[in-house]
Amino acid sequence: MHSLVSILLPLLSVIPSTISQSSGTFNTLTFNVAGLPAILNDNAVPGDKTANTARIGRLFTQHNISLIHVQEDFNYHATLYANDQHPHRTPTSGGVPVGSGLNSLSNFPWTGFERVKWEKCSTFEGADCLTPKGFTFMRVNFGQGVWIDAYNLHADAGTTAADLAARASNLRQVSNYINTHSTGNPVLVFGDSNTRYTRTGDIPNIFSTANGMKDAWIELIRGGVAPQPGTDALLCDNPSPNSTCEVVDKVWYRGSPAVDLRAVRLQYAGAKFLQENGAILSDHNPVLVDFAWRLK
Ligand SMILES: *[C@@H]1O[C@H](CO)[C@@H](O)[C@H](O)[C@H]1NC(C)=O
Ligand SMILES: *[C@@H]1O[C@H](CO)[C@@H](O)[C@H](O)[C@H]1NC(C)=O
């Protein structure tokens, strides 16, 4: 007995420095960067889009956000990347009308990046068929043995019946893809869902009912209770001084049997992304969420 302990003790003191990290933290940001050509859409954002995009890129680096999903990263993309310094970034799929506007900027590497086009779009409000919008998939490596499937999306806009149908189809498409491609894996879905819990016909609950995920806003801000469809919209100012109102930019997540994943803080981070004179940089509030993971 004594001799076993004397053999094991020196070994134990070596093990902690040789095994990998068993827990960690990271944060995510979803931001619709309003990068349609200014002549098509000024997004009611003051100032020059190139200068504004340059500032967004610098702030991405300054705030050192672990994983950023952008939407509408179209015609100012080169400026965004010229001013950001994240080590891992997706190559652009192009400006309007060939690109999807979806890109990711990360401190962590990934594998398996895929761009998937929506099966359905609506030409009604928002002219969503103008560009091949859709979602992206990547398997991000946040630590040894910690792989999380991260989805970015930009769902159909507008509120006509055709828009609602297209948008519900979009979310169903992502949900089905998760069930096929992310079985048993931790998952993050964050992007511009164009969806509201208060709007009848939208289906933001699908990731909870079909994929076992939580909406970080419902969990951390709403005490687990989603607003009811058909109730008054909880509209936000931009930037929003609080996170109690509802934005369409959403963050869903789940852990797995191997990885415990928890959202610990959610903020509408509009105040962190302003022009030097205090004006907004985009017509969307960015949404910033802090996560903690632990290997089980
Ligand atoms: C930036 O974040 C990464 C993790 O995402 C961390 O490892 C690094 O130390 C951070 N850098 C600074 C300067 O805070
Ligand atoms: C939160 O901010 C919104 C504007 O973004 C405002 O309309 C709302 O009243 C605020 N809610 C609270 C509880 O302060």
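Residues numbered from 1 in each chain as written. Chains lettered and ligands numbered in written order. Predicted model: local features only at pLDDT ≥ 70, side-chain atom pairs only at ≥ 80, totals over all residues. Heavy atoms only, no water.

As recorded in an unreviewed UniProt entry, the protein goes by Inositol polyphosphate-related phosphatase domain-containing protein and comes from Cucurbitaria berberidis CBS 394.84.

Asks: With reference to specific residues and values, describe the packing of aromatic side chains.
Replies: Scanning the model with the defined rule gives 16 aromatic pairs in all. With centroids separated by 5.4 Å and ring planes inclined at 55°, the aromatic side chains of F31 and F273 adopt a geometry described as tilted. Taken as a pair, F31 in strand β1 (residues 23–32) and F273 in the loop between β11 (259–268) and β12 (287–295) lie far apart in primary sequence, 242 residues in all. Seen in terms of ring centroids, F207 and W252 are 4.6 Å apart; in terms of plane orientation they differ by 55°. Their pairing is tilted. Of the two residues, F207 is situated in helix α5 (residues 206–211) and W252 in strand β10 (residues 249–254); the sequence distance between them amounts to 45 residues. As far as burial versus exposure is concerned, F207 and W252 are alike and both buried. These aromatic residues form a ring-pair network of at least three members: F26, F108, F142, Y253 and F291. The positively charged end of R89 is found above the aromatic ring belonging to Y81, 4.1 Å away from the centroid. (Phe/Tyr/Trp six-rings, centres within 6.5 Å; stacked < 30°, edge-to-face > 60°. Helix = DSSP H or I, 4+ residues; strand = E, 2+ residues; numbered from the N terminus. Buried < 20%, exposed > 50% of the residue type's maximum accessible area, 1.4 Å probe, protein only. Lys NZ or Arg CZ within 6 Å of the ring centre and 35° of its normal.)

Asks: Lay out the site of ligand 2 in plain terms, naming residues and giving numbers.
Replies: Within the structure, ligand 2 sits among C236, D237, S240, P241, N242, T244 and C245. One nitrogen or oxygen atom from the main chain of D237 is found 2.6 Å from an oxygen atom belonging to ligand 2. Note that an oxygen atom of ligand 2 is positioned 2.4 Å from one of the side-chain N or O atoms of N242. Taking 370 Å² as the accessible area of ligand 2 by itself, protein coverage stands at 50%. Of the residues that constitute the shell around ligand 2, the class distribution is 3 nonpolar, 3 polar and 1 charged. (Near = heavy atom within 4 Å. Polar contact = N/O pair within 3.5 Å; in protein donor to acceptor, adjacent residues only side chain to side chain. Areas by Shrake-Rupley, 256 points an atom, 1.4 Å probe, with all protein chains shown as cover. Nonpolar A, V, L, I, M, F, W, Y, C, P; charged D, E, K, R; others polar.)

Asks: How would you summarise the state of the cysteines if you had to cite specific residues and measurements?
Replies: Taken as a whole and judged by the stated rule, the model has 1 disulfide. Residue C236 pairs covalently with C245 via a disulfide, S to S 2.0 Å. Negative torsions about the S-S bond denote left-handed disulfides, and the value of about 100° found for C236 with C245 makes this one right-handed. Looking at C236, the relative accessible area reads 22%, which means it is partly exposed. Overall, the relative accessible area of 9% leaves C245 in the buried class. (Disulfide = S-S within 2.5 Å.)

Asks: If you had to explain the sheet that holds strand β9 (residues 214–215) to someone new, which residues and values would you point to?
Replies: Across the sheet, 6 strands lie side by side as β5-β6-β7-β8-β10-β9; this open sheet has mixed pairing. Of all strands in the sheet, those with a lone pairing partner are β5 (110–117) and β9, marking the two edges. Pairing between strand β8 (residues 187–192) and β10: 6 bridges, direction antiparallel. Directly across from F190, in β10, lies its bridge partner V251. Here helix α4 (residues 161–181) sits on the sheet and contacts β5, β6 (134–143), β7 (146–153), β8 and β10; the angle it forms with β7, its principal contact strand, is near 160°. (Pairing = 2+ DSSP bridges. Contact = heavy atoms within 4.5 Å. Axes fitted to C-alpha atoms, helices over the stretch in contact; angles between N-to-C directions.)

Asks: Before we move on, can you summarise the sheet that holds strand β2 (residues 67–71) with the specific residues and values?
Replies: Strand order in the open sheet formed by 6 strands is β3-β4-β2-β1-β12-β11, and the pairing between neighbours is mixed. The outermost strands of the open sheet, each flanked by one partner alone, are β3 (88–89) and β11. Two strands pair when backbone bridges link them, and β2 and strand β4 (residues 103–106) are joined in this way by 4 bridges, in the antiparallel orientation. Looking at β4, one finds that H69 is bridged to S104.

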